[in-house]
Amino acid sequence: MLTLKTRLGLLTLVGALLGCGSTYGGGGIVTPPAGNTIAATDAIVFTPATLTVNAGQTVTYTFGSVPHNVFFNAQTGTPADIPGNNSNVSIDRQFTMPGSYSFSCHIHPSMHGTVVVQ
Ligand SMILES: [Cu+2]
């Protein structure tokens, strides 16, 4: 049977494992630069997930070491998709019409983002 000492040991082990999560990263883009930038990160997310810009402005998509792409949901005013496997590159897209433009990465279907153009 488990003694109190054993249970405390297990709790300590779990805490140590959770603490290891903070060491993730290293290589790739950690902090997106200022400005109208959306980072497609090595952590398999778009950061920020929602970006608001003014009509006519350009959004820079930055790609880290993990390949991603950007496909916009079909609607009037979307810029061209960014197909293929993009890594270690930055690609600009201009948004000319007000609206809310959702996009996703086809390599990682859980990756979604939105550009709100006002
Ligand atoms: Cu992706």
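Coordinates for the structure precede this section.
These lines cover the structure that appears in this document, whether it is placed above or below. (Residues numbered from 1 in each chain as written. Predicted model: local features only at pLDDT ≥ 70, side-chain atom pairs only at ≥ 80, totals over all residues.)

## Concerning the sheet that holds strand β8 (residues 99-104)
Phase 1 of the analysis: An order of β3-β9-β8-β5-β6 is seen for the 5 strands of this open sheet, with the pairing classed as mixed. The open sheet has two free edges, formed respectively by β3 (50-53) and β6 (82-86), since each of these has just one partner strand. Each strand axis lies, on average, 20° off the axis of its neighbour in the sheet, ignoring direction.
Phase 2 of the analysis: Bridge analysis of strand β5 (residues 68-72) against β6 gives 2 bridges, and the strand direction is antiparallel. Across the sheet, the residue bridging to Val70 is Ile82, located in β6. (Pairing = 2+ DSSP bridges. Helix = DSSP H or I, 4+ residues; strand = E, 2+ residues; numbered from the N terminus. Axes fitted to C-alpha atoms, helices over the stretch in contact; angles between N-to-C directions.)

## What about the environment of Ala74?
Phase 1 of the analysis: Take Ala74: it is sitting in the loop between β5 and β6.
Phase 2 of the analysis: Each C-alpha atom, one on Ala74 and one on Phe103, is 9.2 Å from the other, the two residues being 29 residues apart in sequence.

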